[in-house]
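A closer look at the structure
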Amino acid sequence: MDLKSLVDDGLEVSVIGSFSRVGIMLRRRLFGWAMPPDGALIGRTALVTGPTSGLGRVTTDALASLGARVILVGRSEERLAAVRDSLVAAHGADRFPIVVADMGSLASVRTAVSRILQTEPRLDILVDNAGAIYPERREGPDGIEATLAVLVSGPFALISGLLPLLKGSPGARVISVTSGGMYSQKLDLDDLQLIAEPYSGPRAYARAKRAQTALVREWARRLDGTGITINAMHPGWADTPGLAETLPVFYRAMRPLLRTPAEGADTIVWLAADPAAAAVSGALYLDRRPRPFDRVPSTRLGAVDRRRLWDMMVELCGAPDPAPEG
Ligand SMILES: NC(=O)c1ccc[n+]([C@@H]2O[C@H](COP(=O)([O-])OP(=O)(O)OC[C@H]3O[C@@H](n4cnc5c(N)ncnc54)[C@H](OP(=O)(O)O)[C@@H]3O)[C@@H](O)[C@H]2O)c1
């Protein structure tokens, strides 16, 4: 291993050094990062969930700047239209269709999928970014615990439904935005709906993010040979409306060390557009380098459990298995 990688790995061990703006500043200098080449995404179509705020908003802008057509998927037509209008004003072309979908509702996701399949001839990049933390346990319209619905079953249904388009778009890339918070939790497959223990929003969120990341590994295994890559990334800690609203105490304490939204989204854009990111699938990234899935052995979810989680998702979503084994 080279010296730069050793320094980076040392930084990764210290959570604050790694996840804060210090981490990205040091790594940018250490590795001399370049932006993906100008026009890298001309002729490509991307889809971003949650483009109305925070990381999704800056990701959308960055992909648009690289020339992509960007499908904006969100739950408020009004907020989506405002983003579309500002993108059209900034980029001078109307290549930003809006599609309304509440990621917490399977019916809503399926309607969005049908519309996209009818109107879009290709899909090269899918960014699963929308996310939320709920202070109290609640269930979405399908009877699925809301965090699990928005972060896991909704995205699973979205990727499943759009698989034909992704398969038809050579070199398609799926990027799931997860959270370093997942390192703190083990997934309990016998209590996916969080009924057995008293509910905690941050715990529900961390477990859902762990489930999302485990599914990325399972997707990658099952999509091997299709030309589609799928990776997870976590943004570190970024100054977004979502962080300020959902974790106000942490937000106030850490504010001077938070990354800008663009810094948080840097690896999303890199995974979406950089030629260097084309070959890898099934990895978890922070700051353009693969990172471990676990920081302690007790959170490990083995291959058998990842398969079981996949089967549970297929059942929850009530649709045929999108990528059966064998
Ligand atoms: N900021 C951080 O430090 C940090 C750290 C780790 C992970 N993350 C992850 O990064 C992603 C983006 O977070 P952020 O910090 O940018 O948060 P944010 O500012 O709150 O943005 C969240 C986005 O998700 C959308 N969304 C929420 N619930 C939705 C639903 N049910 N259906 C469709 N869209 C929905 C929101 O749309 P509306 O406009 O409709 O509300 C918004 O566009 C999330 O997955 C989050 O977990 C962020």
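For the structure, see preceding data.
How each quantity is defined
Residues numbered from 1 in each chain as written. Predicted model: local features only at pLDDT ≥ 70, side-chain atom pairs only at ≥ 80, totals over all residues. Heavy atoms only, no water. Pairing = 2+ DSSP bridges. Helix = DSSP H or I, 4+ residues; strand = E, 2+ residues; numbered from the N terminus. Axes fitted to C-alpha atoms, helices over the stretch in contact; angles between N-to-C directions. Contact = heavy atoms within 4.5 Å. Salt bridge = Lys/Arg side-chain N within 4 Å of Asp/Glu carboxyl O. Buried < 20%, exposed > 50% of the residue type's maximum accessible area, 1.4 Å probe, protein only. Near = heavy atom within 4 Å. Polar contact = N/O pair within 3.5 Å; in protein donor to acceptor, adjacent residues only side chain to side chain. Areas by Shrake-Rupley, 256 points an atom, 1.4 Å probe, with all protein chains shown as cover.

With that settled, the discussion passes to the sheet that holds strand S1 (residues 45–49). Judged by pairing direction, the sheet is mixed, and its eight strands sit side by side in the order S3-S2-S1-S4-S5-S6-S7-S8 without closing on themselves. With partners counted over all chains shown, the strands left at the sheet margins are strand S3 (98–100) and strand S8 (289–291), one partner each. Shown here is a sheet whose adjacent strand axes are inclined to one another by a mean of 25°, direction ignored. The sheet contact formed by strand S2 (residues 69–74) and S3 spans three bridges and is parallel. Opposite Leu72, over in S3, you have Ile98 as the bridge partner. Here helix H5 (residues 77–91) sits on the sheet in contact with S2 and S3, set at roughly 170° to S3. Against the sheet, helix H6 (residues 106–119) contacts S1, S2 and S3, and its axis sits at roughly 150° relative to S3.

As enumerated under the stated definition, the model contains 24 salt bridges in all. With a closest N to O distance of 3.2 Å, Arg295 and Glu12 form a salt bridge. Taken together, the positions of Arg295 in the loop between S8 and helix H12 (303–317) and Glu12 in helix H1 (residues 3–13) put the pair 283 residues apart, joining distant regions of the chain. Judged by its relative accessible area of 31%, Arg295 falls in the partly exposed class. The network of salt bridges with shared partners includes Asp8, Asp9, Glu12, Arg27, Arg259, Asp287, Arg289, Arg291 and Arg295.

The residue Asp311 is located in helix H12 in this model. Assessed through its relative accessible area of 44%, Asp311 is described here as partly exposed. Counting along the chain gives 178 residues from Asp311 to Ile133, while the straight-line C-alpha distance between them is 25 Å.

Mapping Pro97 onto the fold places it in the loop between H5 and S3. When its relative accessible area of 18% is taken as the criterion, Pro97 is described as buried. Measuring from C-alpha to C-alpha, the distance between Pro97 and Ala81 comes to 9.0 Å, with 16 residues separating the pair along the chain. Excluding residues within four positions of it along the chain, Pro97 makes contact with Arg69, Val70, Ile71, Leu72 and Glu120.

Time to look at the site of the ligand. Residues in close proximity to the ligand total 29 residues, the closest being Thr52, Ser53, Asn129, Tyr205 and Thr240. Separating an oxygen atom of the ligand from a side-chain N or O atom of Arg79 is a distance of 2.7 Å. Ala238 places a main-chain nitrogen or oxygen 2.7 Å from an oxygen atom of the ligand. For the ligand, whose unbound accessible area comes to 900 Å², protein coverage reaches 91%.

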